[in-house]
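Architecture at a glance
Each chain is listed here by its residues.
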Amino acid sequence: MVKVGMDTDSPYRQSGYDANSTYNATGFSQLHDDGTGGAYSLSNFKVWPVTNCTEFRYCATAIDDRKLLRNILYDGRPDDYASPGYFSSNLSNGVRVELTSTSHAALHRYTFPSDSTAIRILLDLTNDGQQSSTDPVLALDPDTGRISGGAQFASSFGQGRYRTFVCADFRGDGYDLGSPTEYGMYIDDNPTEGTANVTQLFFDFDNELGALLSWGPPADNEPVILVRVGVSFISAEQACSNGVDEIPDFDFDSVHAASRSQWNDILTRFQVDTTNVSNEIVQLFYSSIYRTHITPADYTGENPLWVSSEPYYDSFYCNWDTYRTLYSLMSLHDPVSFSRIVRGMINIQEHEGWLPECRGATTMQFVQGGSNGDPILGEFFVKRAAELNVSSEALYGALLADAEVQPPNWNLHGRQADVWKKLNYVAQDMFSPGGANTRQVSRTLEYAFDDFSIGQVAKILNLTDDYEKYMRRAGNFFNVWNPNVTIPGAPEIAPGMMQPRFANGTFNYTDPRHCSVHDPEHATCYLNAIDRDGFYESSPIVYVPHDTAKLVDMQGGREAFIKRLDFIFNEDYFDVTDEPSMEIPYMYHYANRPGLSTQRSRQVIAQSFNTTVNGLPGNDGAMASWAAFFLLGLYPITATRQYLLSSPFFPEVSIYNPVFNSTTTVKVLNFVGNPHDGTGGTVFVQNVTVNGTPYKSNCYLDWDVFVNGSVVELTLSDDIELTCGEGADALPPSLSTGGY
């Protein structure tokens, strides 16, 4: 839950930090979310070392007046360093800052200049990322220096507000810090010495509020202060308990070592042979795996909404972003955490009526696509390693609630289910209570995939009638396909596009260039109640993950399908920054041209992913797992038992699954390296064997391969024309061809 880190005054501080050295540090806060959109999220309870004052009452405490630049390295980068479980920075005021954390608490270490005449630390209560606080409560103990309190803050991607609490304790590193020599609350830049709670101050909601403490320098020790910060969404008392229970002895190195050990447990489940592989690729791979484990966040024990013994996860930010690749990666190497996330989602449904969609800091936030918790639960159930304390009955009941019951506000969870069931698509002109009737085509496509996911669960449960019902509904994407619409300026591309449709069955028109760089209207396609174009974060040039074979037929056959895919890439319709594009590089598989998928996916890595500050296209909530899969030479079809297959960027990759207690190894028998621009090379899959036996396809692997801990051997070629193979099962499954 706690993700302690630096905040800056950058206008791009979505998650608090900005590595651009021209921006100032403003504090070191305890809560952050990674890779989000929306407004600035979290960044609560900043701690700050104060050195810019000779007297307590003249200390700069307001965020804009206290902020400082960081020291600059020889190459212009800020003097910051990070590794899993640790962050450090050297500030321009001579203070060195080091940070580490446990689940619900952070430990800060501040080393002040040796000539400091006073050591001062402040705790900023009110400045989150948005400066949105209300209802502050703050108190300090003059004897121990403990600061505790809380406030209410605005959510990032919705209309809700959340309340969270903090408790900070202080100790000298290697010496007795003693009681503060000075203490007091501050409003803006006005510390008032001797004040110990908010009621002693006149406070306006427009003001900044916090507490400031001073100590004299130690006589024989380096002036180093440890700050333990507990956080809770329940109460200030629980925040204090979290700090005491998780970091009882203020041992910075021990906390750091424990955190690093947890990260190593996860990261070492992937082992790669780095022969003839650049350090850049190795670092990109492991940092991508690292970032897939930052969200969703484990808030277990910190749910203020109801009492439950089940896990509670938050920072689903958002299912629209993550369902495509994140959870399929967890299926491979961390099914236990995945099971806890699923249990938490089911528990939310049992208390709120529908599965969570976009959730942050305990608040419901806006739905983006469909009921995209459905494919997450479908992915878990289809690939479940074992029951793992997940009730099949409760899981299926949660799915049915999404599919069949329309909520009072389907902008926050669930679906516009009544229209969906009546028309088998979401009509552009059919308004119903509970939400803004936008994104109708995108939601139709998402609802179809949601129902496909439910059908896969029904099949495993032997619910034949339900399986047939949801497989029929999974085909509803066809109901928004207009075969007569063409792409302006592209006469060589066969007609046919997804389009908005009215309730009477006639089609409206959205320019196929919509939401692309070629859009004559320059539409953003973000979540906006006035948008009537029918699409969300994607153009009408879209994909259907569970029935790409049908899409091939609708677009005029394999050659026409390939021509359209080439057009998408060559004319910049492919948007690497957004999730609806994620499967597109691999869609050539369904036209029996996997070599083109291999080249396109490798070009995506070469052109858009690297380890520089600008090496993450789009929000990182989903992009990290996407990059990890491409580097593994795989792409998942969520809620199915198939992973599309290409060539890995390593001569050998091993994936350990702790529930199966098995390791699956993919070996490249003739690996010669990765072309730097992703084009050409000996990278195209010519032959596949599993445990020494020729496999049925060169284009995908079934889940059984990973369950059994197999050895997969690939022989590569420089021939981009290679196919998926000759057998009846060589092409990846699709709904319309009898798969699933």
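Given the structure is predicted, the values throughout are model-derived calculations rather than measurements.

1. Some details on the domain arrangement of the protein chain
Per the domain assignment, the segments of the protein chain are domain 1 (5-265) and domain 2 (269-737). Across the boundary between the two partners, domain 1 contributes 26 residues, which contact 28 residues of domain 2. Taking both sides of the interface into account, the surface hidden between domain 1 and domain 2 amounts to around 2,200 Å²; carbon and sulfur atoms contribute 58%. Considering only the side of domain 1, the residues that lose the most area to domain 2 are Asp34, Phe157 and Phe233, jointly responsible for 33% of the buried surface there. Linking domain 1 to domain 2 there are one salt bridge. Taking the shortest distance from any N to any O, the salt bridge between Asp265 and Arg269 comes out at 2.8 Å. Applying the counting criterion to the domain 1 and domain 2 interface returns 12 residue pairs in polar contact (both at pLDDT 80 or more). Sorting the residues of the side of domain 1 that touches domain 2 by element identifies β11 (161-172), β15 (224-232), α2 (236-246) and α3 (252-267) as the ones contributing at least two each. For the side of domain 1 that touches domain 2, a count of residues per class yields nine nonpolar, 13 polar and four charged.

2. Here we look at the state of the cysteines
Within the structure shown, the criterion is met by five disulfides. Bridging Cys515 to Cys525, the disulfide has an S-S length of 1.5 Å. Sign of the S-S torsion, about -95° for the bond between Cys515 and Cys525, identifies this disulfide as left-handed. Here the residue Cys515 occupies a position in the loop between β22 (497-498) and α13 (548-554), and Cys525 occupies one in the loop between β22 and α13, the gap between them amounting to 10 residues. Just as Cys515 is buried, Cys525 falls in that class too. If the cysteines joined by disulfides in the protein chain are listed in sequence order, their pairing comes out as 1-2, 3-4, 5-6, 7-8, 9-10.

3. Considerations on the sheet that holds strand β23 (residues 634-636)
The strands making up a sheet associate through hydrogen bonds between their backbones, and the pairing can be parallel or antiparallel. On the basis of which strands lie adjacent, the open sheet formed by three strands has the order β23-β24-β29 and antiparallel pairing. This sheet does not close on itself; its edge strands, each paired only once, are β23 and β29 (700-702). Between one strand axis and the next, the sheet turns through 30° on average, direction left out of account. By the bridge criterion, three bridges tie strand β24 (residues 642-645) to β29 in an arrangement that is antiparallel. Bridging from a neighbouring strand, Leu644 pairs with Tyr700 of β29. Here helix α16 (residues 620-632) sits on the sheet and contacts β23 and β24; the angle it forms with β23, its principal contact strand, is near 135°.

4. Section: the packing of aromatic side chains
Per the stated rule, a full pass over the model turns up 38 aromatic pairs. Ring centres of Phe170 and Trp215 lie 5.4 Å apart, and the angle between their planes is 45°; this geometry places the pair in the tilted category. One end of the pair, Phe170, is in strand β11; the other, Trp215, is in strand β14 (residues 209-215), with 45 residues separating them in the sequence. With respect to burial, Phe170 and Trp215 carry one shared label: buried. Through a chain of ring-to-ring contacts, three or more aromatic side chains come together here, namely Phe45, Phe153, Tyr162, Phe233, Tyr299, Trp306 and Tyr312. Across from the ring centre of Phe381, 4.2 Å away, lies the NZ or CZ of Arg384, which sits over that ring. In this arrangement the basic side chain of Arg602 is found over the ring face of Phe649, its NZ or CZ atom lying 4.1 Å from the centre.

Conventions used here
- Residues numbered from 1 in each chain as written.
- Predicted model: local features only at pLDDT ≥ 70, side-chain atom pairs only at ≥ 80, totals over all residues.
- Heavy atoms only, no water.
- Domains from an automatic or database assignment.
- Contact = heavy atoms within 4.5 Å.
- Buried area = accessible area lost by both parts, 1.4 Å probe.
- Salt bridge = Lys/Arg side-chain N within 4 Å of Asp/Glu carboxyl O.
- Polar contact = N/O pair within 3.5 Å; in protein donor to acceptor, adjacent residues only side chain to side chain.
- Helix = DSSP H or I, 4+ residues; strand = E, 2+ residues; numbered from the N terminus.
- Nonpolar A, V, L, I, M, F, W, Y, C, P; charged D, E, K, R; others polar.
- Disulfide = S-S within 2.5 Å.
- Buried < 20%, exposed > 50% of the residue type's maximum accessible area, 1.4 Å probe, protein only.
- Pairing = 2+ DSSP bridges.
- Axes fitted to C-alpha atoms, helices over the stretch in contact; angles between N-to-C directions.
- Phe/Tyr/Trp six-rings, centres within 6.5 Å; stacked < 30°, edge-to-face > 60°.
- Lys NZ or Arg CZ within 6 Å of the ring centre and 35° of its normal.

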